[in-house]
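Coordinates in review
The residues making up each chain are set out below.
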Amino acid sequence: MSTSILTRGTAIVTAAELEEFRTVVTNDQYANTVLHLARAKRLRPKVLADAAYTAWLKSENPKKIMPASYWTELFRLAYQADHELFEVQD
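Here's the deal with the overall build of the protein chain
If you tally the helices and strands in the protein chain, you get six helices and zero strands. Listing the helices and strands of the protein chain from first to last along the sequence gives α-α-α-α-α-α. Split into buried and exposed, the 90 residues of the protein chain put 37% on the buried side. Of the roughly 5900 Å² of accessible surface on the protein chain, a fraction of 53% belongs to carbon and sulfur atoms.

Description of the side chain of Glu73
Along the chain, Glu73 falls in helix H6 (residues 68-78). A distance of 2.8 Å separates the side chain of Glu73 from the side chain of Arg39, its partner in a polar contact. In this view, Glu73 contacts Leu35 and Arg39; residues no more than four positions away in its chain are not counted.

What to know about the environment of Ala40
With respect to the helices, strands and loops of the structure, Ala40 is situated in the loop between helix H3 (27-39) and helix H4 (45-58). Since its relative accessible area comes to 41%, Ala40 is described here as partly exposed. Measuring from C-alpha to C-alpha, the distance between Ala40 and Thr10 comes to 8.0 Å, with 30 residues separating the pair along the chain.

A look at the confidence of the model for the protein chain
Do not read the fine detail of predicted coordinates wherever pLDDT is low. Confidence in the prediction for the protein chain averages 86 pLDDT; 82% of positions are at 70 or higher. Element-level pLDDT for the protein chain is lowest in helix H1 (residues 3-7), with a mean of 63, against a maximum mean of 95 in H3.

Regarding the packing of aromatic side chains
Summed over all chains, the structure comprises four aromatic pairs. Centre to centre, the rings of Trp56 and Trp71 are 5.1 Å apart; their planes meet at 90 degrees, and the pair counts as edge-to-face. In this pair, Trp56 sits in helix H4 while Trp71 sits in helix H6, placing the two residues 15 residues apart along the sequence. Members of the aromatic cluster, each reached through a chain of ring pairs, are Tyr53, Trp56, Trp71, Phe75 and Tyr79. Its guanidinium or amino end placed over the ring of Tyr70, Arg39 lies 5.2 Å from that ring's centre, counting from NZ or CZ.

Rules used throughout
- Residue positions are given per chain, counted from 1 along the sequence in the order it is written.
- Confidence filtering applies because this is a predicted model: local features only for residues at pLDDT of at least 70, side-chain atom pairs given and counted only at 80 or more, and all residues used for totals across whole chains, interfaces and linings.
- Excluding hydrogens and water, the side-chain values take into account all heavy atoms of the structure.
- Helix numbers and strand numbers start at the N terminus; a helix is a DSSP run of H or I with at least 4 residues, a strand a run of E with at least 2.
- Throughout, exposure labels follow a simple rule: accessible area from a 1.4 Å probe, protein chains only, divided by the maximum for the residue type, with under 20% read as buried, over 50% as exposed, and the rest as partly exposed.
- The protein chains shown are the only cover counted for residues, whose accessible areas, like all others here, come from Shrake-Rupley with a 1.4 Å probe.
- Throughout this description, a polar contact denotes any pair of N or O atoms lying within 3.5 Å of each other; where both atoms belong to protein, one of them has to be capable of donating a hydrogen while the other can accept it, and for residues adjacent in sequence the pair is counted only when both atoms sit in side chains.
- Here, two residues are considered to be in contact whenever any of their heavy atoms come within 4.5 Å of each other.
- The pLDDT value tells you how sure the predictor is about a given residue, anywhere from 0 up to 100.
- Two rings from Phe, Tyr or Trp (for Trp, the six-membered ring) form a pair when their centres sit within 6.5 Å of each other. Planes less than 30 degrees apart are called stacked, planes more than 60 degrees apart edge-to-face, and all others tilted.
- Only when the NZ of Lys or the CZ of Arg is both within 6 Å of the ring centre and within 35 degrees of the ring normal is a charge said to sit over the ring.

So this is what it looks like as structure tokens:
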């Protein structure tokens, strides 16, 4: 599965598709693709949160894969207040 197949179009990418993609690409390709899909709002909140952590944890040196500002953006997109994973404490 190539990056272009996963990033083309506007359909939501499933967790299974993303996991299949992760197994055939490098860690930097995976992290950059997850960021691209997050920017395009093509990942559901749970899939995005899992993918962001997976990208971070699988990278031996996250700073070599993406600049810190990209990682910050990825995690910010993964935990926005309108996502169902974000719980507001009363």
